[in-house]
Amino acid sequence: MPYCPRCGNEVSEDSDYCTKCRAPLKEGVTYRRVTRRDEKDEKDEKNEKGDDDKYGAIMGGLIVTWLGALLLLQNQDIIRGSDFGGYFLMGIGVILIFRGLLAVQETGSFDQGFGYLIGGGIVVLIGAGIIYNIREWWAFILIGLGLVIILRGVTERGRNPRP
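The paragraphs below set out a description of the structure included in this document. Note on numbering: residues in each chain are counted from 1, in written sequence order. In keeping with the model being predicted, local features are shown solely for residues with a pLDDT of at least 70 and side-chain atom pairs are shown and tallied solely at 80 or more, while totals for entire chains, interfaces and linings include all residues. Values shown for side chains rest on all heavy atoms present in the structure; no hydrogens or waters enter the calculation.

1. Concerning the overall build of the chain
Move 1: Starting at the N terminus, helices and strands are each numbered in turn, a helix being any DSSP run of H or I of at least four residues and a strand any DSSP run of E of at least two. Looking only at helices and strands, one finds five helices and zero strands in the chain.
Move 2: Its helices and strands taken in sequence order, the chain reads α-α-α-α-α from the N to the C terminus.
Move 3: The buried share of the chain, taken over its 163 residues, is 20%.
Move 4: For this analysis, residues touch if any pair of their heavy atoms sits within 4.5 Å. Across the chain, the fraction of contacts at a sequence separation of at least 24, relative to all contacts at a separation of at least 6, is 38%.
Move 5: Method for areas: the Shrake-Rupley scheme with a 1.4 Å probe, in which residue coverage is limited to the protein chains shown. As displayed, the chain offers around 12100 Å² of accessible surface, 58% of which is attributable to carbon and sulfur atoms. For the exposure calls, accessible area comes from a 1.4 Å probe over protein chains only, and a residue counts as buried if that area is under 20% of its type's maximum, exposed if over 50%, partly exposed in between.

The structure is reproduced here in structure tokens:
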């Protein structure tokens with residue numbers, strides 16, 4: 001039985017690589033190192049990219065506070081029950097816009113807050129459409145803005161490929 005020239009491990013005659021050190025055993029076989037990824041590597045990579053959102057708790061708190069304020073206003077008969085959803089959506093939209101402005105201010109780049117700003121604007125428009133009973137125009141604005149987001153995503157993807 002043959003042995004690996006690098007580590008001395010016993011290998012079968014038809015093996016291309018050593019089972020212990022993965023050294024190539026035959027001529028013409030190219031050696032390619034394969035690294036295994038584990039959870040720690042993925043967490044480290046996530047932290048390098050800055051994917052952790054430190055504003056998540058603030059956003060959640062703002063949404064719950066807005067919901068409570070709306071329920072209070074509805075109980076005091078200041079807003080009608082039929083308008084409740086519209087006001088709620090408008091508040092969510094404003095919160096998303098606020099988050100987008102924070103991202104732009106923090107990074108100095110409009111690109112980082114673009115999704116939040118556009119998404120927030122859309123939600124505000126939908127809420128306004130519900131409150132003011134506007135049914136015709138907002139669907140077309142939604143389609144147009146969606147196409148803008150897709151187009152921007154496609155052009156950004158080509159410009160900044162991921163490693």
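2. Remarks on the pattern of salt bridges
Move 1: Any Lys or Arg side-chain nitrogen located within 4 Å of an Asp or Glu carboxyl oxygen qualifies as a salt bridge. Within the structure shown, the criterion is met by two salt bridges.
Move 2: Across the salt bridge formed by E106 and K54, the nearest N and O atoms sit 3.3 Å from each other. Linking E106 in helix α3 (residues 84-107) with K54 in the loop between α1 (39-49) and α2 (56-75), this pair joins segments that are 52 residues apart in sequence.
Move 3: Exposure remark for E106: the relative accessible area of 40% places this residue in the partly exposed category.
Move 4: A salt bridge links R80 to D83; the nearest nitrogen and oxygen atoms lie 3.2 Å apart.
Move 5: The exposure class of R80 is exposed, given its relative accessible area of 53%.

3. Some remarks on a nonpolar patch on the surface
Move 1: Taken together, the side chains of F140, I143, L147, I150 and V154 define a hydrophobic patch exposed on the protein surface, amounting to about 570 Å² of accessible area.
Move 2: Its place among the elements puts I143 in helix α5 (residues 138-159).
Move 3: Take I143: its relative accessible area is 53%, and that puts it in the exposed class. The patches reported here contain residues having more than 30% relative accessible area and no salt bridge. Joining distances are 9 Å for like charges and 5 Å for nonpolar side chains (Val, Leu, Ile, Met, Phe, Trp, Tyr).

4. Here's the deal with the packing of α3 against helix α4 (residues 110-131)
Move 1: One way to put it is that α3 packs onto α4 with a least axis distance of 7 Å and a crossing angle of 165 degrees. In terms of their interaxial angle, α3 and α4 are classed as roughly antiparallel. In this structure, the crossing between α3 and α4 has a hand that is left-handed.
Move 2: Classification convention: Asp, Glu, Lys, Arg as charged; Ala, Val, Leu, Ile, Met, Phe, Trp, Tyr, Cys, Pro as nonpolar; all other residues, Gly among them, as polar. When the residues that make up the contact of α3 with α4 are grouped by side-chain class, the tally is 19 nonpolar, ten polar and one charged. To define axes, lines are fitted to C-alpha atoms, for helices over the stretch in contact only, and angles between the resulting N-to-C directions are given on a 0 to 180 degree scale. By definition in this entry, angles of less than 35 degrees are roughly parallel, angles greater than 145 are roughly antiparallel, angles of 65 to 115 are roughly perpendicular, and the rest are oblique. Crossing handedness follows the turn of the near helix against the far one: under a right angle anticlockwise gives a left-handed crossing, and clockwise gives a right-handed one.

5. Re α2
Move 1: With 20 residues, α2 extends 29 Å from end C-alpha to end C-alpha; this agrees with the ideal 28 Å at 1.5 Å per step.
Move 2: Positive phi appears at D77, one or two residues downstream of α2, with a value of about 60 degrees. A helix is expected to reach a length of 1.5 Å times the quantity of its residues less one.

6. Some words on the packing of aromatic side chains
Move 1: Two aromatic rings, drawn from Phe, Tyr or Trp (for Trp, its six-membered ring), form a pair once their centres lie within 6.5 Å of each other, and the interplanar angle then sorts them: stacked below 30 degrees, edge-to-face above 60, tilted otherwise. According to the stated counting rule, one finds one aromatic pair in the structure shown.
Move 2: Relative to F114, the ring of F110 lies with its centre 5.7 Å away and its plane at 70 degrees, an arrangement referred to as edge-to-face. Taken together, the residues span about one helical turn, with F110 and F114 both in helix α4 at a distance of four residues.
Move 3: Judged by its relative accessible area of 12%, F114 is buried.

7. Description of the packing of α2 against α3
Move 1: One can describe the packing of α2 onto α3 by two numbers: an axis separation of 10 Å at closest approach and a directional angle of 155 degrees. Here α2 is positioned roughly antiparallel relative to α3, judged by the angle of their axes. The chirality of how α2 crosses α3 is right-handed. Contacts from M59, L62, I63, W66, L67, L70, L71 and Q74 in α2 reach F84, Y87, F88, G91, I92, I95, L96, F98 and R99 in α3.
Move 2: Tallied by class, the residues present in the contact of α2 with α3 amount to 14 nonpolar, two polar and one charged.

8. Description of the side chain of S15
Move 1: Inspection of the secondary structure assignment puts S15 in the segment before α1.
Move 2: The definition of a polar contact used here is a pair of N or O atoms within 3.5 Å, where within protein one atom must be able to donate a hydrogen and the other to accept one, and adjacent residues in sequence count solely through side-chain atom pairs. Looking at S15, its side chain comes within polar contact range of the side chain of S12, at 2.6 Å.
Move 3: Among all residues touching S15, those that are not within four sequence positions of it are L25 and K26.

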